[in-house]
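# Architecture at a glance
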Amino acid sequence: MSFEDIWPPISLTLSLAAINTLILLLAGTPIAWWLARSRSRYRELVGALVAMPLVLPPTVLGFYLLIALGPNGPGGWIAGLWGGRTLAFSFTGLVIGSFFYSLPFMVQPVRNGFAAIGEEPLEAASSLGANNWQRFWLVALPLARPGYITGAVMTFAHTVGEFGVVLMIGGNIPGQTKVMAIALYDYVERLQWVQAHVLALGMVMFAFVVIAVTLTIDRRINVPMP
């Protein structure tokens, strides 16, 4: 049996996961900082909105993303800027969808990391003359490192394993939207059990490595200083 068609979904999935993780590291940081530090009465409402992908059925989220990315939604208007009709069923659409369904996996750990800092280190930095940016970059970010590591690993892993949302907004287009989870489903539908076993076993091993690495890094970071 040929395994030549296994690598393209793997490569596409890893590219999607890496891009999504990088985007969420940048975009999730101000959201997490605001949720951890703000005293706004709307804070928990925003937090609930960010966390909604955790409880929403993937088909529901995928359905509304499909409408938003389609020709009659904002995605159609954006695609029209370069002569397209829709952002759905494209790699760009997958990146946008991945951002929304993986958002809580980045924001929540980073928010917890910022919240765990407390007021004392930031107040001490202020007393030494640090401005707001210096307090953030030199104090908050290093102390929130465990949250960033957890968030990045969980975001990457969740993007690799997502199925429902990807199927709704991306379909099954080889080389463009056919990621690993879709390829596995495709193999099972075509009764190609050997390829399905290879891909499924690889994803199981990946999940195990992700969990083991996360626990190891977390343990080393949180070892008490002598």
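The notes below deal with the structure included here. (Residues numbered from 1 in each chain as written. Predicted model: local features only at pLDDT ≥ 70, side-chain atom pairs only at ≥ 80, totals over all residues. Heavy atoms only, no water.)

### As for the pattern of salt bridges
Counted under the stated rule, the structure contains 5 salt bridges. E44 is the salt-bridge partner of R43, the closest N and O atoms lying 3.2 Å from each other. Classification of R43 as partly exposed rests on a relative accessible area of 25%. Of the charged contacts in the structure, one is a salt bridge between R190 and D186, with a shortest N-O distance of 3.3 Å. (Salt bridge = Lys/Arg side-chain N within 4 Å of Asp/Glu carboxyl O. Buried < 20%, exposed > 50% of the residue type's maximum accessible area, 1.4 Å probe, protein only.)

### Let's talk about the side chain of R111
Here R111 is to be found in helix α5 (residues 91-115). Judged by its relative accessible area of 13%, R111 is buried. (Helix = DSSP H or I, 4+ residues; strand = E, 2+ residues; numbered from the N terminus.)

### What about unusual backbone geometry?
Leaving glycine aside, a negative phi is the common case for residues, and trans is the common case for peptide bonds. The residue F89 is not glycine, and still its phi comes out positive at about 60°. Residue placement: F89 occurs in the loop between α4 (74-80) and α5. For F89, a relative accessible area of 40% puts it in the partly exposed group. Even without glycine at this site, L191 takes up a positive phi of about 60°. Take L191: it is sitting in the loop between α10 (180-189) and α11 (193-221).

### Description of the packing of aromatic side chains
With the rule as written, the count across this model stands at 10 aromatic pairs. Judged by centre distance (5.1 Å) and plane angle (70°), the rings of F63 and Y64 are edge-to-face. When its relative accessible area of 55% is taken as the criterion, Y64 is described as exposed. Geometrically, the ring pair formed by F114 and F136 is tilted, given 6.0 Å between the ring centres and 45° between the ring planes. Of this pair, F114 sits in helix α5 while F136 sits in helix α7 (residues 132-143), placing them 22 residues apart in sequence. The residues F114 and F136 share a single accessibility class, namely buried. Site record: aromatic cluster; members linked through ring pairs are W33, F114, W133, F136, W137 and Y148. (Phe/Tyr/Trp six-rings, centres within 6.5 Å; stacked < 30°, edge-to-face > 60°.)

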